[in-house]
Amino acid sequence: MDTIPCQPIFREDGYFNMTYLAEDYGKRLKDFWPSQFVHDYCLELSQTRSFIDSEKDSLRYDLVDESSGESHTWGHPRLIMLLLRWCDPCFCLLYTSDA
């Protein structure tokens, strides 16, 4: 990796700021969501037994910061690795390497 990534911002409920993380890598979330792999991953995640019914439609949500007027997307904690792998392919190698 050429740069040290930012530290993810988490809410008390575990959701993380996807917008902030993607922007730190020079990426835009609008390019992340159309991927068939992301769609399939989210579908599988929403159907897992460990995923309670009230969360099934809440893998992500948008919030507007009242002080700045900026909109941010917050993602379920299980999406963080998927997003990081998309943001930086080297990240995947770094955390899955046997060496």
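Residues numbered from 1 in each chain as written. Predicted model: local features only at pLDDT ≥ 70, side-chain atom pairs only at ≥ 80, totals over all residues. Heavy atoms only, no water.

All told, the structure shown has one salt bridge when counted by the stated rule. The shortest N-O distance in the salt bridge between aspartate 13 and arginine 11 comes to 3.6 Å. The exposure class of arginine 11 is partly exposed, given its relative accessible area of 34%. (Salt bridge = Lys/Arg side-chain N within 4 Å of Asp/Glu carboxyl O. Buried < 20%, exposed > 50% of the residue type's maximum accessible area, 1.4 Å probe, protein only.)

With 71% of its residues at a pLDDT of 70 or more, the protein has an overall mean of 77. For the protein, strand β2 (residues 60–64) is the element with the lowest average pLDDT, namely 65, and helix α1 (residues 18–24) is the one with the highest, namely 91. (pLDDT = per-residue confidence, 0-100. Helix = DSSP H or I, 4+ residues; strand = E, 2+ residues; numbered from the N terminus.)

The next thing to look at is helix α2 (residues 36–47). Taking 1.5 Å as the rise per residue, α2 with twelve residues should run 16 Å; its terminal C-alpha atoms sit 17 Å apart, in good agreement. Among the residues of α2, those classed as buried are Val38, Cys42, Leu45 and Ser46. Buried residues in α2, looked at end-on, bunch into an arc of 95°, giving them a common side. In α2, those exposed residues whose orientation departs by more than 90 degrees from the buried face are Gln36, Phe37, Glu44 and Gln47. In this fold, the buried residues of α2 make contact with α3 (80–87). For α2, the N-terminal cap is serine 35; the gap from its side-chain oxygen to the backbone nitrogen of phenylalanine 37 is 3.2 Å. (Expected span 1.5 Å × (residues − 1). Arc of directions from axis to C-beta. Contact = heavy atoms within 4.5 Å. Polar contact = N/O pair within 3.5 Å; in protein donor to acceptor, adjacent residues only side chain to side chain.)

This part is about the side chain of asparagine 17. Mapped onto the elements, asparagine 17 comes out in strand β1 (residues 16–17). There is a polar contact of 2.8 Å between the side chain of asparagine 17 and the backbone nitrogen of tyrosine 20. Apart from residues no more than four positions distant in its own chain, asparagine 17 is found in contact with Ile9, His72, Thr73 and Trp74.

Take the nonpolar core next. Formed by 20 residues in total, the largest nonpolar core has its most connected members in Phe32, Trp33, Leu79 and Leu83. For this core, the secondary-structure elements that each account for two or more residues are α1, α2 and α3. Sort the elements by how many residues they give to this core and α3 lands first, with five residues. (Core = buried A, V, L, I, M, F, W, Y, C linked by side-chain atoms within 4.5 Å.)

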